[in-house]
Amino acid sequence: MSVLRKRADFLAANRGLRIARPGFVLLAQPNGRQDMRFGITVTKKIGNAVVRNRMKRRFRELLRDLLPSAGLPAHDHVLIGREGGIERDFAKLREELAMALSRAAAGKGDPPRRPRK
């Protein structure tokens, strides 16, 4: 399992399946490779650097724990942090991520977003 580093990979994942949860949004997109990759994004509107880094550490731990067993093979997985994610209980986040991964495996994403005007 490797980490997404390039902006183009994150943009490609944005065209894939989207599953929104209260603490995060999961994006899953086939990557045309044999390995599973993950990426994490937390924007500045979530909080200062301490808050963003804490959220990323929590997401990394969740992904390392759940992706090997429940992740989609040969897919890129991206977690986008939401404002409610930092206060959520870790067990609740784990449960939500497991549910989001099972929905992604079944191909049940959220409806597409409306384009901005």
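Note: the structure precedes this text.
Report on the accompanying structure.

Calculation rules
- Residues numbered from 1 in each chain as written.
- Predicted model: local features only at pLDDT ≥ 70, side-chain atom pairs only at ≥ 80, totals over all residues.
- Heavy atoms only, no water.
- Helix = DSSP H or I, 4+ residues; strand = E, 2+ residues; numbered from the N terminus.
- Rg over C-alpha atoms; globule rule 2.2 N^0.38 Å.
- Buried < 20%, exposed > 50% of the residue type's maximum accessible area, 1.4 Å probe, protein only.
- Contact = heavy atoms within 4.5 Å.
- Areas by Shrake-Rupley, 256 points an atom, 1.4 Å probe, with all protein chains shown as cover.
- Lys, Arg positive; Asp, Glu negative; His and termini not counted.
- Charge placed at Lys NZ, Arg CZ, Asp CG, Glu CD.
- Expected span 1.5 Å × (residues − 1).
- Arc of directions from axis to C-beta.
- Polar contact = N/O pair within 3.5 Å; in protein donor to acceptor, adjacent residues only side chain to side chain.

1. As for the overall build of the protein
For step 1, the next point in the chain: Within the protein, the secondary structure is distributed over 3 helices and 5 strands.
For step 2, the next point in the chain: Relative to a compact globule of 117 residues, whose C-alpha radius of gyration would be 13 Å, the protein shows 13 Å and is just as compact.
For step 3, the next point in the chain: Principal axes of the C-alpha set define a box for the protein whose edges measure 40 × 35 × 25 Å.
For step 4, the next point in the chain: The burial tally for the protein puts 38% of its 117 residues in the buried class.
For step 5, the next point in the chain: A sequence separation of at least 24 residues applies to 79% of the contacts in the protein between residues at least 6 apart.
For step 6, the next point in the chain: Carbon and sulfur atoms make up 50% of the accessible area of the protein, which totals about 7,200 Å².
For step 7, the next point in the chain: Here the protein holds 27 positive side-chain charges and 11 negative ones, and the gap between their average locations is 7 Å.

2. Examining helix 3 (residues 90–105)
For an α-helix the count is 3.6 residues per turn, leaving residues at separations of three or four pointing the same way.
For step 1, the next point in the chain: Taking 1.5 Å per residue, 16 residues should reach 22 Å; helix 3 reaches 22 Å between its end C-alpha atoms and fits that length.
For step 2, the next point in the chain: Within the span of helix 3, buried status applies to L93, E96, L97, A100, L101 and A104. Each buried residue of helix 3 sits inside an arc of 135° when the element is viewed along its axis, so together they form one side. Every exposed residue of helix 3 that faces more than 90 degrees away from the buried side is listed here: E95 and A105.
For step 3, the next point in the chain: Contacts from the buried residues of helix 3 go to strand 2 (17–20), strand 3 (24–30), helix 2 (49–70) and strand 5 (75–81).
For step 4, the next point in the chain: Remark: G107 follows helix 3 within two positions and exhibits a positive phi of approximately 75°.

3. Examining the side chain of H75
For step 1, the next point in the chain: Counting through the fold element by element, H75 comes out in strand 5.
For step 2, the next point in the chain: Of the polar contacts made by the side chain of H75, one reaches the backbone oxygen of P73; its length is 2.9 Å.

4. Topic: the side chain of H77
For step 1, the next point in the chain: Assignment of secondary structure puts H77 in strand 5.
For step 2, the next point in the chain: Among the residues examined, H77 registers a relative accessible area of 1% and is labelled buried.
For step 3, the next point in the chain: Setting aside anything within four residues of it in sequence, one finds H77 in contact with L4, L26, L27, M36, R37, F38, G39, L67, G71, L72 and L101.

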